[in-house]
Amino acid sequence: MIEVKHLSKQYANHLALDDLSFSVAKNEILGIVGKSGSGKSTLLKLINLMEIPTSGQIVIDGQSTDQLSNKQMAQYKAKIGMVFQHYNLLANKTVAQNVALPLRLVGKKEMDRVASLLSFVGMGEKADAYPADLSGGEQQRVAIARALVRQPEILLCDEATSSLDEENTAAILRLLKNSHDTFGITIFFVSHDLATVKQLCERVLVLEAGHLLGTVDNQPHLAAE
Ligand code: ADP
Ligand code: ADP
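What counts, and at which threshold
Note that residues are indexed from 1 along each chain, following the sequence as it is written. Whichever chain is written first becomes A and whichever ligand is written first becomes 1, with later ones labelled in order. It should be noted that, the model being predicted, local features are given only for residues of pLDDT at least 70 and side-chain atom pairs only at 80 or more, the latter also being counted only at that level, while totals for whole chains, interfaces and linings use all residues. With hydrogens and water stripped out, all remaining heavy atoms of the structure feed into the side-chain values. UniProt positions are given in the numbering used here, feature names are shortened, and annotations may be inferred rather than shown by experiment. A cavity here means a set of 1 Å grid points, computed over protein atoms only, where a 1.4 Å probe fits but cannot escape. A pocket is an open set with protein on both sides within 12 Å along at least 5 of 7 lines, and lining residues have an atom within 4 Å of a point. Grid points are joined across faces, edges and corners, and a volume is the space filled by probe spheres set on the points. Put simply, DSSP H or I for four residues or longer makes a helix, DSSP E for two residues or longer makes a strand, and each gets a number counted from the N terminus. The residue classification treats Ala, Val, Leu, Ile, Met, Phe, Trp, Tyr, Cys and Pro as nonpolar and Asp, Glu, Lys and Arg as charged. All others, Gly included, are polar. A pair of strands is treated as paired once DSSP finds two or more bridges between them. Note on definitions: angles span 0 to 180 degrees between N-to-C directions of axes, and those axes are lines fitted to C-alpha atoms, for helices only across the stretch in contact. Only heavy atoms enter the contact rule, under which two residues are in contact if any of them lie within 4.5 Å.

As annotated in an unreviewed UniProt entry, the chain carries the name ATP-binding cassette domain-containing protein and is attributed to Pseudolactococcus paracarnosus. Taken from UniProt, the Function (unreviewed entry) comment for the chain reads in full: "Part of the ABC transporter FtsEX involved in cellular division. Has ATPase activity. Essential for cell division and viability." As stated in UniProt under Subcellular location (unreviewed entry), the record for the chain gives "Cell membrane".

Overview of the layout of surface pockets
If you add up the space inside the largest pocket, you get close to 620 Å³. In terms of lining residues, the largest pocket is bounded by 22 residues, among which K77, I80, G81, P102 and R150 are the most central. When contributions to the lining of the largest pocket are tallied by element, the ones reaching two or more residues are α2 (70-78), β6 (80-83), α3 (95-105) and α5 (136-148). In this structure, the second largest pocket encloses a volume near 160 Å³. Taken together, L46, L49, E51, I52, P53, I58, T65, D66 and M73 make up the lining of the second largest pocket. For the lining of the second largest pocket, the class distribution of residues is 6 nonpolar, 1 polar and 2 charged.

Comments concerning the sheet that holds β6
Taking strand neighbours across the sheet as the criterion, the 6 strands line up as β6-β7-β8-β3-β9-β10 in an open arrangement whose pairing is mixed. Every other strand in the sheet has two partners, leaving β6 and β10 (211-217) as the edge strands with one partner each. Ignoring which end each strand starts from, the neighbouring axes of this sheet average 20 degrees apart. The sheet contact formed by strand β3 (residues 29-33) and strand β8 (residues 186-191) spans 5 bridges and is parallel. Of the residues in β8, the one forming a bridge with I32 is V190. Sheet strands touched by α5: β6 and β7 (154-158). Its angle to β6, the strand with the most contacts, is close to 170 degrees. Strand contacts of helix α6 (residues 166-183): β3, β7 and β8, with the helix running at about 160 degrees to β8, the strand carrying the most contacts.

This is the structure:
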């Protein structure tokens, strides 16, 4: 259970999030939509501890993120994986090296997990390729494998399909759904595009200028292969 309580974020002279409250059940796929500038990325950065709230709290499994020791903070961050619009793969590393990076950063060498995740995302044959040799959809598959490699409980997706065409968007949405079903992860799927969000998410929060405008219950309808 993740609770966002009266969360606000003020940048210099701009209030990016204004008293936002909602909660997310374990295992939910939550959509968050809003126009550019509505505060979606800021919300994910606060959940990810990349930014500190001006006021309010995020409480995960009963523990508030503003009360974490350094060790707890590292454990908390390990629970979260993130996927971005522009994939953010390292150009001078192979696919397998990119996926292994989060493990290497914490001194782990579970290369069998890298291989099994690459095959899970359908990139088993491309382990030794470089990002520049891959299509956008393939790069996002690799980025999803990288986000999953430390077995997170939560996956944050920030405009994860916004650079992809319709077909690749559908494939990535199916992969996210499959990741959810296979590993039981909670997904936050952020997009400016309501139609895309509605393919994947049962509940959609609508943000406007840092406020929660409303919540939409939805029947997801993933495109078939
Ligand atoms: P979204 O992801 O919905 O496009 P953001 O969370 O990126 O929105 O931004 C919300 C608002 O906060 C925007 O007006 C943006 O310009 C502003 N903003 C975001 N990051 C910063 C920052 N580091 N410094 C100042 N303003 C920021
Ligand atoms: P184990 O306790 O052996 O890790 P699990 O049932 O948790 O067993 O996982 C089964 C397989 O799925 C393992 O190969 C594990 O690495 C992988 N796995 C589990 N959770 C995740 C996750 N959140 N993201 C990616 N892979 C995962």
